[in-house]
Amino acid sequence: MKYDCKDLGQAPIGKDRILWADDRMPVLRSIRERFQKEKPLGGIRIGACLHVTTETANLMRTLKAGGAETALCASNPLSTQDDVAASLVADFSIPVFAQHGEDHKTYYQHINAVLDYEPQITMDDGADLVSTLHSSRAEVLENVFGGTEETTTGVIRLRSMQKEGVLKYPIIAVNDAQTKHMFDNRYGTGQSTIDGILRACNILLAGTTVVVAGYGWCGRGVANRAKGMGANVVILEVDPIKALEAVMDGFRVMPSMDAAEIGDVFITLTGNIAVIRQEHFERMKDGAIVANSGHFNVEIDIEALEKIAVKKKKIRTDVDQYTLPSGKRINLLGEGRLINLAAAEGHPASVMDMSFANQALACEYLVGNHGSLKQEVISVPDRIDREIANLKLTAMNYKIDLLTDQQARYLASWDQGT
Ligand code: ADE
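Asks: Honestly, the overall build of the protein chain in this entry has me stumped. Any pointers?
Replies: Secondary structure summary: the protein chain contains 17 helices and 15 strands in total. C-alpha atoms of the protein chain, sized along the principal axes, occupy 70 × 65 × 45 Å. Split into buried and exposed, the 418 residues of the protein chain put 53% on the buried side. The contacts in the protein chain between residues at least 6 apart in sequence include a share of 72% that link residues at least 24 apart. Within the structure as shown, the protein chain displays about 18700 Å² of accessible surface, and the carbon and sulfur contribution to it stands at 51%.

Written out as structure tokens, the structure is:
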């Protein structure tokens, strides 16, 4: 079996951590048990480009239990957990091509190594696998009959491909399932972003001014968690509806140039480019902390920071301190890569449980509907979304009511008014 990971000697630590996460992923586990019996993915080759974490390992185990042949590479150069990569290879015989801290060239070599397996289904997080496949490995497209996409940024990229008429096979937008974005993006990113910042800097959030750029599901999550820890939270938005929502949720909303002067910690989660730029750095307070939790490292204009700084020092493992000509110091976390995975472990297992249950069931759906889906970005069927919510509630020991017959009839009617 081919693979490229750092050190197989780390496998025992990785295995323990994978099993620890598995205990917190009851929905995925129940799917794995069913897959083991029914083999719905029998013989299907799945190429996955995901953050190589303990949670992803349990997804890979589930796909394999379903009969799939899988190969995995990283969806970010800094998010790979090397012990997990080692264990997937050594304990679960799953080929992994990922090393924490790999350079740009190796990152793409690893994506290509997964494409060499000629996947029939692609599973992506950010759409780098799909865009490489379409732009430079078109010969592999022939056998691909479906794909899944995990994250907001990836879904946006895929919709652009669809609009330009270049998307060559159906891809399920797992991100858009309610049991994914309402929980993973909000509570997962909310908690893990704060976790990453605290692990990187060990600061007290209470009493600090935290500027959150972007008030989508992820931004809302981070803003609320920071507020809960006693920070004064300021929101930056370009969308008037989201800005209004932030105002009515009780946050201060202002232009980025005003926030630059008052923020202690800046966190970008917009999915857009150059959100924090030279003019912001120059206005910031001495000691300001700048982090990104959006998918790509483009939200902070690091080039501009490098250009204006007179000195750069790695002051802690995940903190680069830049000194400006004025003597002010700006602390950039995790090289501007998504901080929850660069400095922490990503979202906790119990929320990835639902995201990855969507991934596993989306694959089963692609196989079951092979040949009948359009070459476009498609939704996770509502039936699957609801099944996952029900399984999660059951696993958490919650019961809910069912509609009475009278209520169901009422909801289906139109002629009963006041
Ligand atoms: N994205 C965010 N957190 C993650 C995790 N723990 N595993 C895989 N992908 C993630």
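Asks: What's the story with the sheet that holds strand 8 (residues 232–236) in this structure? I'm lost.
Replies: By way of backbone hydrogen bonds, the strands of a sheet pair with one another, either parallel or antiparallel. Across the sheet, which stays open at both edges, the eight strands sit in the order 9-8-7-10-11-14-13-12 with mixed pairing between neighbours. Two strands in the sheet have a free side with no partner beyond their single neighbour: strand 9 (252–253) and strand 12 (311–316). Relative to strand 14 (residues 329–333), strand 13 (residues 319–323) runs antiparallel, the two being bridged by five bridges. Looking at strand 14, one finds that T323 is bridged to R329.

Asks: Would you take a moment to explain the site of the ligand for this structure?
Replies: Taken together, H51, T53, E55, T56, L341, E345, G346, H347, M352 and F356 make up all the residues around the ligand. Contacts to the ligand include T53, whose side-chain N or O atom sits 2.7 Å from a nitrogen atom. Between the ligand and E55, the relevant distance is 2.9 Å, taken from a nitrogen atom to a side-chain nitrogen or oxygen of the residue. Across the complex, the protein chains shield 95% of the 260 Å² of accessible surface that the ligand would expose by itself. Here the residues of the shell around the ligand are counted per class, giving three nonpolar, five polar and two charged.

Asks: Is there a simple way to explain the side chain of H280 in this structure?
Replies: Mapped onto the elements, H280 comes out in helix 12 (residues 278–283). Among all residues touching H280, those that are not within four sequence positions of it are S256, M257, A260 and V275.

Asks: I would appreciate a short explanation of helix 8 (residues 178–201) in the present structure.
Replies: End to end, helix 8 covers 33 Å across 24 residues, agreeing with the expected 34 Å (1.5 Å per residue, within 8%). The largest bend in helix 8 is about 35°, located at D184. Immediately beyond the C-terminal end of helix 8, within one or two residues, lies N202, with a positive phi of roughly 55°.

Asks: Is there a simple way to explain the state of the cysteines in this structure?
Replies: Counted under the stated rule, the structure contains zero disulfides. Between C5, a cysteine without a disulfide, and C73, which holds the nearest cysteine sulfur, the sulfur-to-sulfur distance is 13 Å. Classification of C5 by relative accessible area gives buried; the value is 9%. Between C73, a free cysteine, and C49, which holds the nearest cysteine sulfur, the sulfur-to-sulfur gap is 3.8 Å. Owing to a relative accessible area of 0%, C73 belongs among the buried residues under this scheme.

Asks: Looking at this structure, I do not really get the pattern of salt bridges. What am I missing?
Replies: Where charged atoms from two side chains of opposite charge come close, those side chains can pair. Within this structure, the stated rule accounts for 23 salt bridges. Where D286 meets R329, a salt bridge forms, and the shortest distance between an N and an O atom there is 3.0 Å. Taken together, the residues D286 in the loop between helix 12 and strand 11 (288–292) and R329 in strand 14 connect sequence positions 43 residues apart. The partly exposed category is assigned to D286, whose relative accessible area is 42%. When salt bridges with common partners are traced through the structure, they connect R17, D83, D195, R199 and E345 into a single cluster.

Asks: Just to check I follow, could you spell out the sheet that holds strand 2 (residues 69–74) for this structure?
Replies: The seven strands are arranged 3-2-1-4-5-6-15 in an open sheet whose pairing can be described as parallel. Strand pairing shows two members of the sheet lacking a second neighbour, strand 3 (96–97) and strand 15 (377–379), which therefore form its edges. In terms of strand pairing, strand 5 (residues 146–149) meets strand 6 (residues 171–173) through three bridges, oriented parallel. Following the sheet pairing, T148 is matched in strand 6 by I172.

Asks: Would you take a moment to explain the pairing of strand 8 for this structure?
Replies: For a regular strand, side chains alternate in direction, first toward one face of the sheet and then toward the other. Buried residues dominate strand 8, accounting for four of its five residues. Pairing geometry for strand 7 (residues 209–213) and strand 8, over five bridges, is parallel. Counted as the bridge partner of T209 is N232 from strand 8. Tracing the backbone out of strand 7, into helix 9 (residues 217–228) and back to the parallel element strand 8 gives a crossover that is right-handed. One ladder, built from two bridges, connects strand 8 with strand 9; its direction is parallel. Residue I235 lies in a different strand from strand 9, and its bridge partner there is V253. Read as a crossover between parallel neighbours, the route from strand 8 over helix 10 (residues 240–248) to strand 9 is right-handed.

Rules used throughout
- Residues numbered from 1 in each chain as written.
- Predicted model: local features only at pLDDT ≥ 70, side-chain atom pairs only at ≥ 80, totals over all residues.
- Heavy atoms only, no water.
- Helix = DSSP H or I, 4+ residues; strand = E, 2+ residues; numbered from the N terminus.
- Buried < 20%, exposed > 50% of the residue type's maximum accessible area, 1.4 Å probe, protein only.
- Contact = heavy atoms within 4.5 Å.
- Areas by Shrake-Rupley, 256 points an atom, 1.4 Å probe, with all protein chains shown as cover.
- Pairing = 2+ DSSP bridges.
- Near = heavy atom within 4 Å.
- Polar contact = N/O pair within 3.5 Å; in protein donor to acceptor, adjacent residues only side chain to side chain.
- Nonpolar A, V, L, I, M, F, W, Y, C, P; charged D, E, K, R; others polar.
- Expected span 1.5 Å × (residues − 1).
- Bend = angle between axes of the 7 residues up to and from the residue.
- Disulfide = S-S within 2.5 Å.
- Salt bridge = Lys/Arg side-chain N within 4 Å of Asp/Glu carboxyl O.
- Right-handed = clockwise from strand over helix to strand, strands pointing away.

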